[in-house]
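# Architecture and fold: a report
Here is how the chains run, residue by residue.
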Amino acid sequence: MPLVRRPRVPLIFAWATNASGANRPSAFPPIDPRRGDSRPPLLAAAALALAVFLIDAFTPLDIAIAVLYVIVVLLVASTESRSATRFAGVACAVLTVVGFLLSRDVNESAASLARCVFSLLAIATTTVLTLRNLASTARLRGQVQMLNLTHDAIVVYDMNDVITFWNQGAEDVYGWTASEAIGKSFHRLTQTRFPIPLAEIQAELLRTGRWDGELHRVRRDGAGIVISSRWALWRDPAGTPIGVLATNNDITERQRAKAALAKSEAFLAEAQCLSKTGSIELHLPEGNMVWSDEAYRILGYARDVLPNTGHVLARTHPEDVDLVLAVRGKTRAGEPGIDVSHRLLMPDGTVKHVRLVARVVSAKDGHFEYVGALMDITDAVLTQQALQRSLAELAHVTRVTTLGELAASIAHEVTQPISAIVTCGDSALRWLNRPQPDLEEATLSIGQMIRDAKRSSEIISRIRSMARKHDPSFAAMNFNALVEEAIELVGRELQEHRVEVFVDLCVPAPVINGDRVQLQQVVVNLLINAAQAMSGITGRRRQLWISTTASDTKHVTLAVKDSGHGIREEDAERLFTAFFTTKADGMGMGLSICRSIVEAHGGRIWADSPPEGGALLQLALPLHEESQP
Ligand code: ADP
């Protein structure tokens, strides 16, 4: 740090002049805690002492020249070294006495002796006062140095805004050194911008003795900074204001961070609003919660309501209360994560669909803290429901179309048992109309009639259920049985196309959860497509392999492989898109609907071209959870 070359004025002599011209003690006398170079004053002091001694001892001048030793002591004292000052005092006294002895006979002049004594008194008084002054300067310097230890920028300025003290913190904050700042106008130097007019601030300062607020200032390097400033008024013993002690902190970074935080909070709130997702905190077992603004909006409570699980339950749709209570029970037991969807019944009677996803962030002594997201999924659920309705309607239309395609074979399926009934009825009548009625044979024929009637009734009810419009309803079912029924439904069609059918169903029969009619429609569609792909084949056998396999512990796979014309490479991508068909009278909706149905069941469907030719269509469906190992 460069040394500040400023005249060292002992504190006792330091004064500041205010603008009115009156001399009065400054609010804080300028004092620089750093020491200057002590060599020049010491050399000057030594030269002066030598000169005084030579004049005093060896010239006939009859004056109290020894009094000038006082200047020597003051010069040495300006180095602020107490030991040097003490030494200078003693040395000057010794030189005074030696000078007196050398200059004349001791008894010669009472006046010379008196001058010598006065000089000694002057030297002693100056030395004592200077030493005392140096002691208090050292004390004050220590206190000033302590002020330099603080990170706060401490500035003292008089009532005319003239800086009288500027600590190390002020140097760091504003960039000017103490020697550059002291004596300048504080507010002009730092280009202070006040939050309210300065006159109002000064009025408050004079009234209360204090003021604090935020100020905008400019550093030495031109950078703008925000300062948190606290002012205290300094009065002299008579109560006259003499200065202000200002403690300043640079809060530019803090303000920036605050602004950035406010911005990111605004972003978050906006994102929560747009995505209709509120954030929540849940404390258990107390049930206290914290909700974001969006969570309040979703749950329909005013901002002053104290959030808790009771309020969530109060809004829960009566039919979903048990579900929510079950989840609450799990969270009380410390379940690591929750993911629940339920409905809310709002005070105006509207129903909202919400999903709550949360996880434990702290678990201690039976106390759990969850953090999570509450999503308003009403739009998504309603869209999904509308989509499902459209899919059901489309599936119905294509089912009816398929039934139309199968009309001839269905008619045959139905008429065949009816013809059998008629034949059996005739036989039964014949057995009964005999002179000796053969009841045993008649009973057999009637039994056959009942079996055939049941069979045709089953076929009709299956066709009716396929033709009926219905909302999808999920239930657990034997997937193998479903595949067998579908094969039976298109059996006649396959026969007519002279298709050899090979069925290989896995054991044990896989249980799935789904809509029977829709899944049957998928299998029927695959079988009809396979039969149609083989209808033009001549010169080789028309074969159809149908198999179910438990592909893994969670899925069952149905494979339908034919020996038809196969799938062209360029068609493979588009097979499952709507309205794609290669058939002259095709609609191109079959596989597209199959995919929608399979995906709605949580499965997937895909097509392959086996190397031996033909097509292989496969679908995988999730097994019913309870049937999984
Ligand atoms: P459509 O039967 O009305 O054409 P689909 O969606 O059921 O509609 O079938 C779309 C297309 O997929 C068919 O036109 C056909 O080109 C092809 N395709 C479907 N199944 C097979 C198969 N087993 N073998 C060869 N091509 C097939």
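Refer to the structure printed above.
Summarised in this report is the structure supplied together with it. Not measured: the values here are computed from a predicted model. (Residues numbered from 1 in each chain as written. Predicted model: local features only at pLDDT ≥ 70, side-chain atom pairs only at ≥ 80, totals over all residues. Heavy atoms only, no water.)

## A look at helix α15 (residues 439–467)
Taking 1.5 Å per residue, 29 residues should reach 42 Å; α15 reaches 41 Å between its end C-alpha atoms and fits that length. Residues of α15 that are buried: A442, S445, D452, S456, I459, R462, I463, S465 and M466. In this structure, the buried side of α15 is in contact with α13 (378–405), α14 (407–433), α16 (479–489) and α18 (516–534). The N-terminus of α15 is capped by D438, whose side-chain oxygen sits 3.2 Å from the backbone nitrogen of E440. (Helix = DSSP H or I, 4+ residues; strand = E, 2+ residues; numbered from the N terminus. Expected span 1.5 Å × (residues − 1). Buried < 20%, exposed > 50% of the residue type's maximum accessible area, 1.4 Å probe, protein only. Contact = heavy atoms within 4.5 Å. Polar contact = N/O pair within 3.5 Å; in protein donor to acceptor, adjacent residues only side chain to side chain.)

## Observations concerning the site of the ligand
Lining the immediate environment of the ligand, one finds 21 residues, of which D562, T581, T582, K583 and L591 sit closest. At 3.0 Å from an oxygen atom of the ligand is found a main-chain nitrogen or oxygen belonging to M587. Contact with the protein chains removes 94% of the 530 Å² of surface that the ligand exposes when unbound. Elements with a minimum of two residues in the shell around the ligand: α18 and α20 (590–600). (Near = heavy atom within 4 Å. Areas by Shrake-Rupley, 256 points an atom, 1.4 Å probe, with all protein chains shown as cover.)

## Notes on the nonpolar core
Residues F479, L527, L544, L558 and L619 are the most contacted members of the largest nonpolar core, which totals 52 residues. Per-element accounting of this core gives the leading share, ten residues, to α18. For L619, the residues in contact, after removing those within four places along its chain, are F479, V522, L526, V556, T557, L558, V598, R604, I605 and W606. Listed in part, the 23 residues of the second largest apolar core include A153, Y174, F186 and L215. (Core = buried A, V, L, I, M, F, W, Y, C linked by side-chain atoms within 4.5 Å.)

## Regarding the side chain of D56
Within the fold, D56 resides in helix α1 (residues 39–58). A residue is classified by how much of its surface remains accessible, and D56, at 12% relative accessible area, is buried. When sequence neighbours within four positions are dropped, the list of residues in contact with D56 reads I65, A66, T96, G99, F100 and S103.

## What about the sheet that holds strand β7 (residues 241–250)?
Spatially, the five strands line up as an open sheet ordered β4-β3-β7-β6-β5, and their pairing is antiparallel. The sheet is open, and its two borders are formed by β4 (163–166) and β5 (210–218), each paired with just one other strand. Averaged over all adjacent pairs, the angle separating strand axes in this sheet is 25°, with direction ignored. Both strand β3 (residues 153–158) and β4 contribute to a ladder of three bridges, which runs antiparallel. If you follow V155 over to β4, its bridge partner there is W166. Against the sheet, helix α8 (residues 198–208) contacts β5, β6 (224–235) and β7, and its axis sits at roughly 35° relative to β6. Contacts from helix α9 (residues 252–275) reach β5, β6 and β7, with the element oriented near 130° to β6. (Pairing = 2+ DSSP bridges. Axes fitted to C-alpha atoms, helices over the stretch in contact; angles between N-to-C directions.)

## Side note on the pattern of salt bridges
Pairs may arise between side chains of opposite charge once their charged atoms sit close together. On inspection of all chains with the given rule, the structure shows 17 salt bridges. The salt bridge partner of R492 is E496, with a shortest N-O separation of 3.7 Å. With R492 and E496 both in helix α17 (residues 491–496) and four residues apart, the pair spans about one turn of that helix. Each of R568, E570, D571 and R574 takes part in one network of salt bridges that share partners. (Salt bridge = Lys/Arg side-chain N within 4 Å of Asp/Glu carboxyl O.)

## Considerations on the sheet that holds strand β10 (residues 337–345)
Pairing within the open sheet is antiparallel, and its five strands lie in the order β9-β8-β12-β11-β10. Edge positions in the sheet fall to β9 (288–291) and β10, since each has one partner strand and no second. With direction set aside, neighbouring strand axes in the sheet form an average angle of 25°. Summarising the sheet, β10 and strand β11 (residues 351–364) pair through nine bridges and their orientation is antiparallel. Paired with I338 across the two strands is A358, which belongs to β11. Against the sheet, helix α12 (residues 321–332) makes contact with β8 (277–284), β10 and β12 (367–376), and its axis sits at roughly 150° relative to β10, the strand it touches most. In the packing of α13 onto the sheet, the strands contacted are β11 and β12, and the crossing angle to β11 comes to about 130°.

Keep in mind that these numbers describe shape and distance, not what the molecule does.
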